[in-house]
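Here are the chains, one letter per residue:
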Amino acid sequence: MLYIKRNARGEIVMLSKEPSPECNDTIAADSPEVFAFLAQQTGQSAQMIASDLAFVRVVEDMLEVLLEKGVLSFTDLPAAAQSKVMERKSLRAKNDVNLLGDGDELI
């Protein structure tokens, strides 16, 4: 979850990982609005942030595979990580977002 500030037209004008008086509206990190905002930013740091956000989805799918195969147990994760995983699963289910389709495998 990220925190944003919008202008009068509803466009994102500021993005933060932490809430602040300016950034108090929340948005999913993988929201198309976030990617559009980051794409408008100049410089290497914006590209790195956009890459990080996209890579998070890859890591989520890898974690899911490890859990499904029994390589890792959900309870092996720290409580904070378990909470974040459950929040992301809920968001992805609500928005029907999946990188791996039925029958897809990581090789």
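Going by the structure above, here's the rest.
Sequence order as written defines residue numbering, which begins from 1 separately in each chain. Confidence filtering applies because this is a predicted model: local features only for residues at pLDDT of at least 70, side-chain atom pairs given and counted only at 80 or more, and all residues used for totals across whole chains, interfaces and linings. In computing side-chain values, all of the structure's heavy atoms are included and hydrogens and water are not.

Q: Help me understand a nonpolar patch on the surface in this model?
A: The residues that make up patches have over 30% relative accessible area and no salt bridge, and they are joined within 9 Å when like-charged or within 5 Å when they are Val, Leu, Ile, Met, Phe, Trp or Tyr. Using a 1.4 Å probe, accessible areas were evaluated by the Shrake-Rupley method; residue-level cover was limited to the displayed protein chains. For this document, the term salt bridge refers to a Lys or Arg side-chain nitrogen within 4 Å of an Asp or Glu carboxyl oxygen. Together, F55, V58, V59 and M62 make up a nonpolar patch on the protein surface, roughly 330 Å² of accessible area in all. You can see V58 is positioned in helix α2 (residues 44-68). Helical segments are the DSSP runs of H or I of at least four residues, strand segments are the runs of E of at least two, and each set is numbered from the N terminus.

Q: Sorry, what's going on with the environment of Q47 here?
A: Looking at the element boundaries, Q47 is found in helix α2. Accessibility expressed as a relative area gives 57% for Q47, which makes it exposed. Between the C-alpha atoms of Q47 and F35, which are 12 residues apart in sequence, the distance is 10.0 Å. Each residue is placed in one exposure class: buried if its accessible area under a 1.4 Å probe, protein chains only, is under 20% of its type's maximum, exposed if it is over 50%, and partly exposed if it falls in between.

Q: Could you clarify how one ought to interpret the pattern of salt bridges in this entry?
A: When charged atoms on two side chains of opposite charge get close, those side chains can pair. Taken as a whole, this structure holds seven salt bridges when the rule is applied. In this structure, R6 and E33 form a salt bridge, with 2.8 Å as the shortest nitrogen-oxygen distance. Residue R6 is found in strand β1 (residues 2-6), and its partner E33 is found in helix α1 (residues 32-40); the two are separated by 27 residues along the sequence. Judged by its relative accessible area of 29%, R6 falls in the partly exposed class. Residue classification places E33 among the partly exposed residues on the basis of a relative accessible area of 37%.

Q: So what exactly am I meant to see when it comes to α1 here?
A: Listed as buried for α1 are V34, F37 and L38. The buried residues of α1 occupy one face: seen down the axis, they fall within an arc of 95 degrees. Opposite the packed face of α1, turned more than 90 degrees from it, sit the exposed residues P32, A39 and Q40. The reported arc concerns the directions from the helix axis to the C-beta atoms and nothing else.

Q: Could you clarify how one ought to interpret helix α3 (residues 79-95) in this entry?
A: Each full turn of the α-helix corresponds to 3.6 residues, which orients residues three or four apart in the same direction. Relative to the 24 Å expected for 17 residues at 1.5 Å per residue, α3 spans 24 Å between its end C-alpha atoms, a close match to the ideal helical length. When we look at burial in α3, the residues that qualify are V85, R88, L91 and R92. The arc that holds the buried residues of α3, viewed along the axis, is 130 degrees, so those residues lie on one side. Residues A79, A93 and K94 are exposed on α3 and point more than 90 degrees away from its buried face. Multiplying one less than the number of residues by 1.5 Å gives the expected span of a helix.

Q: Even after reading the chapter, I still don't get the nonpolar core, so can you show me in this structure?
A: Nonpolar side chains in soluble globular proteins generally cluster together in the buried interior. Grouping buried Ala, Val, Leu, Ile, Met, Phe, Trp, Tyr and Cys residues that are joined through side-chain atoms within 4.5 Å yields what is termed a nonpolar core. Counting residues in hydrophobic clusters, the biggest one holds nine residues: L2, I4, I12, I27, A29, V34, F37, L38 and L53. Broken down by secondary-structure element, the contributors of at least two residues to this core are β1 and α1. Tallying contributions element by element places α1 first for this core, with three residues. The contact criterion used throughout is that any non-hydrogen atoms of two residues lie within 4.5 Å. Excluding residues within four positions of it along the chain, L2 makes contact with L15, S16, K17, D25, T26, I27, A29, V34 and L53.

Q: Where do I start with the sheet that holds strand β3 (residues 25-27) in this structure?
A: What links the strands of a sheet is backbone hydrogen bonding, and the strands pair in either a parallel or an antiparallel sense. For two strands to be treated as a pair, DSSP must find no fewer than two bridges joining them. With respect to topology, three strands assemble into an open sheet ordered β2-β1-β3, the strand pairing being antiparallel. Each end of this open sheet is capped by a strand with a single partner; those strands are β2 (12-16) and β3. The mean inter-strand angle of the sheet, taken between neighbouring strand axes irrespective of direction, is 40 degrees. Sheet analysis places β1 next to β2, joined by four bridges and oriented antiparallel. Within β2, the residue paired with K5 across the bridge is M14. Where α1 meets the sheet, it contacts β1, β2 and β3, and its direction lies at approximately 100 degrees from that of β2. What counts as an axis is a line fitted to C-alpha atoms, over the stretch in contact for a helix, and the angles between N-to-C directions run from 0 to 180 degrees.

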